[in-house]
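Below, each chain spelled out in residue letters.
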Amino acid sequence: MREWVVYAGIMTAVFLVFFQDAGVLGAIAGVLVSGPLYLVFGFVLAKFGYQRKTMKQLRAEKAERSAAGDGAPARSGRSGGSGGSGRPARPAPTRRTSQGPNRPAKRKKR
């Protein structure tokens, strides 16, 4: 229910800011009607056995996977500063890269 309250608050604020001239009463009523629909939809999903995982559970699963070393790449863009990010080592520099032996010398400014 907490997610819906946050959604309803944000959408009500958006409607009040962007649609000041138009009648926002109907739009706000629609947002309020979506609350019971959210509850009914959640109830139906729960009856079919759906359970959302908490952030704590998701973090624990990720830690288990990285500890097991199953080779699955992490979906996160950052590794949190740890050395084992699962990335392959950089290839050796070549003459076509700026790190190779034929790197042009920097010129001094006059």
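Presented here is a report on the structure given in the accompanying data block. (Residues numbered from 1 in each chain as written. Predicted model: local features only at pLDDT ≥ 70, side-chain atom pairs only at ≥ 80, totals over all residues. Heavy atoms only, no water.)

## Considerations on the pattern of salt bridges
A side chain with one charge may pair with a side chain of the opposite charge, provided their charged atoms come close.
Next up, step 1: Considering all chains together, one arrives at two salt bridges under this definition.
Next up, step 2: Note that Arg 52 and Glu 3 form a salt bridge whose closest N and O atoms lie 3.1 Å from each other. Placement of Arg 52 in the loop between α2 (25–47) and α3 (55–68) and of Glu 3 in helix α1 (residues 2–18) is noted, with a sequence separation of 49 residues between them.
Next up, step 3: The exposed category is assigned to Arg 52, whose relative accessible area is 52%. (Salt bridge = Lys/Arg side-chain N within 4 Å of Asp/Glu carboxyl O. Helix = DSSP H or I, 4+ residues; strand = E, 2+ residues; numbered from the N terminus. Buried < 20%, exposed > 50% of the residue type's maximum accessible area, 1.4 Å probe, protein only.)

## Here's the deal with a nonpolar patch on the surface
Next up, step 1: A cluster of nonpolar side chains, Val 6, Ile 10, Val 14, Val 17, Phe 18 and Phe 19, forms an exposed patch at the surface whose accessible area comes to about 580 Å².
Next up, step 2: Its location among the elements puts Val 14 in helix α1.
Next up, step 3: Using a relative accessible area of 30% as the deciding quantity, one classes Val 14 as partly exposed. (Patch = residues over 30% accessible without salt bridge, like charges linked within 9 Å, V, L, I, M, F, W, Y side chains within 5 Å. Areas by Shrake-Rupley, 256 points an atom, 1.4 Å probe, with all protein chains shown as cover.)

## A word on the packing of α1 against α2
Next up, step 1: Two elements in contact, α1 and α2, have axes whose closest approach is 10 Å; the angle formed by their N-to-C orientations is 170°. Compared by their axis directions, α1 and α2 come out roughly antiparallel. Contacts from Glu 3, Trp 4, Tyr 7, Ala 8, Met 11, Thr 12, Phe 15 and Leu 16 in α1 reach Ala 27, Ile 28, Val 31, Leu 32, Ser 34, Gly 35 and Tyr 38 in α2.
Next up, step 2: Among the residues forming the contact of α1 with α2, the class breakdown is 11 nonpolar, three polar and one charged. (Axes fitted to C-alpha atoms, helices over the stretch in contact; angles between N-to-C directions. Parallel < 35°, antiparallel > 145°, perpendicular 65-115°, else oblique. Contact = heavy atoms within 4.5 Å. Nonpolar A, V, L, I, M, F, W, Y, C, P; charged D, E, K, R; others polar.)

## So, α1
Next up, step 1: The terminal C-alpha atoms of α1 lie 24 Å apart, and with 17 residues this matches the ideal 24 Å at 1.5 Å per residue to within 8%.
Next up, step 2: Along α1, the positions that sit buried rather than exposed are Trp 4, Ala 8 and Phe 15. All buried residues of α1 project into a common sector of 40° when viewed along the axis, lining one side. Along α1, the residues that are exposed and aim more than 90 degrees away from the buried face are Arg 2, Val 17 and Phe 18.
Next up, step 3: Considering only its buried residues, α1 is in contact with α2. (Expected span 1.5 Å × (residues − 1). Arc of directions from axis to C-beta.)

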